[in-house]
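Take a look at the letters that make up each chain.
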Amino acid sequence: MCSVLNPDDLQRIFTILDKNSDGLVSLEELNCVLERIGMQFRVQELESTVGKTSLNWDEFLFFYESLCKRTEMVGEAAEAEEEDDGLVKAFKVFDLNGDGFISSHELQNVLTRLGFWDEKSGKDCRSMICEYDTNCDGVIDFEEFKNMMLGTNS
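Just so you know, these numbers come straight off a predicted model, no measurement behind them. (Residues numbered from 1 in each chain as written. Predicted model: local features only at pLDDT ≥ 70, side-chain atom pairs only at ≥ 80, totals over all residues. Heavy atoms only, no water.)

Peer 1: Give a detailed account of the packing of aromatic side chains, specifying residues and quantitative values.
Peer 2: Following the criterion strictly, the structure yields 6 aromatic pairs and no others. Geometrically, the ring pair formed by Phe91 and Phe142 is edge-to-face, given 5.7 Å between the ring centres and 85° between the ring planes. Here Phe91, found in helix 4 (residues 57–94), pairs with Phe142, found in helix 7 (residues 142–150); they are 51 residues apart in sequence, far enough to count as distant. Centroid distance Phe91 to Phe145: 5.3 Å. Interplanar angle 70°. Geometry classified as edge-to-face. In this pair, Phe91 is assigned in helix 4 and Phe145 in helix 7, connecting sequence segments 54 residues apart. Exposure remark for Phe145: the relative accessible area of 2% places this residue in the buried category. One aromatic cluster in this structure is built from Phe91, Phe94, Phe142 and Phe145. (Phe/Tyr/Trp six-rings, centres within 6.5 Å; stacked < 30°, edge-to-face > 60°. Helix = DSSP H or I, 4+ residues; strand = E, 2+ residues; numbered from the N terminus. Buried < 20%, exposed > 50% of the residue type's maximum accessible area, 1.4 Å probe, protein only.)

Pasting the structure below:
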């Protein structure tokens, strides 16, 4: 059950929408409520989605659950997009020449500017690149950078 409304609240909403008490809510009535909460549908869209012109209690619950899942998916997609936007910006910090790849030279340059690189340590940025360079081309592309930053290695 979607966490926004509990079953008792849904039952009250259904009863209010069922103006003639026939146990059915018309799609026109349902659409009016959806428009008030900012969900824009045409009645024809709703009808093609649910396959009928009115909903009984069980169909109303199913429709509500479907809307909840759709809203959750949209929210998750937006979060993923925001995450990707942040990663794209971070990637561009390291991709100094803008070619879509981070070379060992670019990595060392940025780490030095940020104060995270000590040339005396004897470490080489090439070995750091190799650890996440899944296609073995000697540079880090965005997907490899993303996997590195998210701690995944696919």
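Picking up where we left off.
Peer 1: I'd love a proper account of the environment of Leu10, names of residues and values included.
Peer 2: Along the chain, Leu10 falls in helix 1 (residues 7–17). Overall, the relative accessible area of 1% leaves Leu10 in the buried class. For the pair Leu10 and Phe60, spaced 50 residues apart in the sequence, the C-alpha separation amounts to 8.9 Å.

Peer 1: Quick rundown of the packing of helix 5 (residues 104–113) against helix 6 (residues 125–132)? Include the residues and the values.
Peer 2: Between helix 5 and helix 6, the shortest axis-to-axis distance is 8 Å and the interhelical angle comes to 115°. Of the possible angle classes, the one that applies to helix 5 and helix 6 is roughly perpendicular. Helix 6 is crossed by helix 5, and the crossing has right-handed handedness. Where helix 5 abuts helix 6, its residues Ser104, Leu107, Gln108 and Leu111 lie against Cys125, Arg126, Met128 and Ile129. (Axes fitted to C-alpha atoms, helices over the stretch in contact; angles between N-to-C directions. Parallel < 35°, antiparallel > 145°, perpendicular 65-115°, else oblique. Left-handed = near helix turned anticlockwise from the far one by under 90°. Contact = heavy atoms within 4.5 Å.)

Peer 1: Describe the nonpolar core, naming the residues involved and giving the relevant values.
Peer 2: Ranked by internal contacts, the top residues of the largest apolar core, which has 15 residues, are Leu30, Leu34, Leu46, Leu55, Phe60 and Phe63. Elements that contribute at least two residues to this core include exactly helix 1, helix 2 (27–36) and helix 4. For this core, the element with the most residues is helix 4, which contributes 5 residues. If near-sequence neighbours (up to four positions away) are discounted, Leu30 is found in contact with Leu17, Val25, Leu55, Phe60 and Phe63. Phe91, Leu107, Leu111 and Phe142 belong to the second-largest nonpolar core, a separate cluster that totals 13 residues. (Core = buried A, V, L, I, M, F, W, Y, C linked by side-chain atoms within 4.5 Å.)

Peer 1: Could you give an account of unusual backbone geometry, naming the residues involved and the relevant values?
Peer 2: One non-glycine residue, Ser21, lies in the positive phi region at around 55°. Structurally, Ser21 is set in the loop between helix 1 and strand 1 (25–26). Taking the relative accessible area as the measure of exposure, Ser21 reaches 63% and is therefore exposed. In this model, Cys136 sits at a positive phi of 55°, which is unusual for a non-glycine residue. Counting through the fold element by element, Cys136 comes out in the loop between helix 6 and helix 7.

These figures come from the coordinates and say nothing about function on their own.
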